[in-house]
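Here is how the chains run, residue by residue.
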Amino acid sequence: MSAEKIQIFDTTLRDGEQVPGCKLNKKQKLEIAARLDELGVDVIEAGFPISSPGDFEAVNAISKLVKNTTVCGLTRANKKDIESAAKALQSAAKPRIHTGIGTSDSHIIYKFNSNREAIIERAVEAVTYAKTFVDDVEFYAEDAGRTDNAFLAKVCEEVIKAGATVLNIPDTTGYCLPLEYGNKIKYLRDNVQGIENVIISCHNHNDLGLATANAVAGVINGARQIECTINGIGERAGNTALEEIVMIFKQHKELNFYTDINAQMLTELSQLTSETMGMMVQPNKAIVGSNAFAHSSGIHQDGVIKNRETYEIINPADVGVNESSIILTARSGRSALAYRLKDIGFDTSKNELDILYEQFLEIADSKKEVVREDLIGLMHQFTQTIQRKFA
């Protein structure tokens, strides 16, 4: 059985940019969009055109720049939003309008002061109108994670009839557990007429730290598109992290899924996005964090030095990192010290290493990390001691 492709829908420039302090200018958006296109994403959600003149201009400029990737503009379920998106996307080689409405009772009652029948009517009208501008229309059922499955299925069925090509099933609040979200996707697969003719998309938020797990559960149960961001940035606790999804499918070949992402670009694009948006990547962030391939425990260091796969399931080079890092601390052992000394040009005998290690521990106990300059100083002091002893 051949592997199935999972489409990567990147919303760094839309959902990611909604984070306070992450506002980008048009030039910055174009730079990231160009790199996303090169990375191999299938869809770039370039922005929310009606939200501001600047966002409209950015979506329009990205539409002209990007040639390989579908460019998508977000709208609410109203004609003015849809018209604005259609105008912003008119130069795109592959335009998509992403329209939708909240479907949970919480949204229907408190956000819209409406009822289920009226929400279905608005959803159908929005998709129908968007189809007059573009062939590719994605519908989002906002807060689908907390929406009754039977009603959600009814909404999905009606928007498919209206011409939707993609169904976005967002866990907007990050509430769902993986089993719950996976079962929701399976329920739709089993109960929505015509669903075999559209792509089901996962849009998961990370409020409980489950965004990536939920997205994987969605794919296992029939979704074929994942909406994600570089570094997992996004509203509140963020979104599914693109780099995590890509490497999960790359490492777990038994799942039989793949993406078209050039994984060797992941670290570079992570750093570009972090610097441009002013959002630091936490050191222990999976795949792209500064500690993702760093080892400071003596036991781990010894294992990695002997065979990298002892403690690393991913080859750093696969995501654009030159090599693993052996970080010298008070928890490091002799093998790590010897490894780092050799790396800067010093070969030591076992007896020499025993002496050096005791001196090394004195330095390590006084600071968080022993760096290259410390090692050079250690060897200089050791050499002088030897010279005096035999003078």
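Owing to the predicted nature of the structure, the values given are computational and were not obtained by experimental measurement. (Residues numbered from 1 in each chain as written. Predicted model: local features only at pLDDT ≥ 70, side-chain atom pairs only at ≥ 80, totals over all residues. Heavy atoms only, no water.)

I keep staring at the overall build of the protein and nothing clicks. Help me out?
Assigned secondary structure in the protein consists of 14 helices and 12 strands. Projected onto its principal axes, the C-alpha positions of the protein cover 95 × 40 × 40 Å. Residues counted as buried form 52% of the 391 residues belonging to the protein. Taking contacts inside the protein between residues at least 6 apart in sequence as the whole, the part at least 24 apart equals 72%. Carbon and sulfur atoms provide 50% of the accessible area of the protein, an area that totals close to 18100 Å². Charged side chains of the protein number 42 positive and 53 negative; the gap between the two group centres comes to 2 Å. (Helix = DSSP H or I, 4+ residues; strand = E, 2+ residues; numbered from the N terminus. Buried < 20%, exposed > 50% of the residue type's maximum accessible area, 1.4 Å probe, protein only. Contact = heavy atoms within 4.5 Å. Areas by Shrake-Rupley, 256 points an atom, 1.4 Å probe, with all protein chains shown as cover. Lys, Arg positive; Asp, Glu negative; His and termini not counted. Charge placed at Lys NZ, Arg CZ, Asp CG, Glu CD.)

Looking at this structure, I do not really get the UniProt feature "domain: Pyruvate carboxyltransferase" (unreviewed entry) in the protein. What am I missing?
The sites that carry the UniProt feature "domain: Pyruvate carboxyltransferase" (unreviewed entry) are, in the present numbering, residues 6–267. Split by type, residues 6–267 is 42% helix and 18% strand. Its first and last C-alpha atoms lie 21 Å apart. (UniProt positions renumbered as here; feature names shortened; annotations may be inferred.)

Even after reading the chapter, I still don't get the nonpolar core, so can you show me in this structure?
Note that soluble globular proteins tend to have their nonpolar side chains buried in a common cluster. By size, the foremost hydrophobic cluster in this structure holds 86 residues, and its most contacted members are Leu39, Phe139, Leu167, Ile169, Leu242 and Leu266. Among the elements that make up this core, the one with the highest residue count is helix H6 (residues 149–162) (8 residues). Apart from the residues within four sequence positions on either side, Ile169 is in contact with Ala144, Leu152, Cys156, Tyr181, Lys184, Ile185, Leu188, Ile200, Ser201, Cys202 and His203. Counting 17 residues, the second-largest nonpolar core is a separate cluster that includes Ile344, Leu353, Ala364 and Met379. (Core = buried A, V, L, I, M, F, W, Y, C linked by side-chain atoms within 4.5 Å.)

What is the right way to read helix H1 (residues 26–39) from this model?
Because the α-helix completes a turn every 3.6 residues, residues three or four places apart line up on one side. Spanning 14 residues, H1 covers 20 Å between terminal C-alpha atoms, matching the ideal 20 Å at 1.5 Å per step. Taken as a whole, H1 has its buried residues at Lys29, Ile32, Ala33, Arg35, Leu36, Asp37 and Leu39. Packing partners of the buried residues in H1 comprise strand S2 (7–10), strand S3 (43–47), helix H2 (53–65), helix H9 (242–251) and helix H10 (266–277). At the N-terminal end of H1, a side-chain oxygen is found 3.2 Å from the backbone nitrogen of Lys27, two or three residues along, and the residue is Asn25. At the exit of H1 stands Gly40, carrying a positive phi of roughly 105 degrees. (Expected span 1.5 Å × (residues − 1). Polar contact = N/O pair within 3.5 Å; in protein donor to acceptor, adjacent residues only side chain to side chain.)

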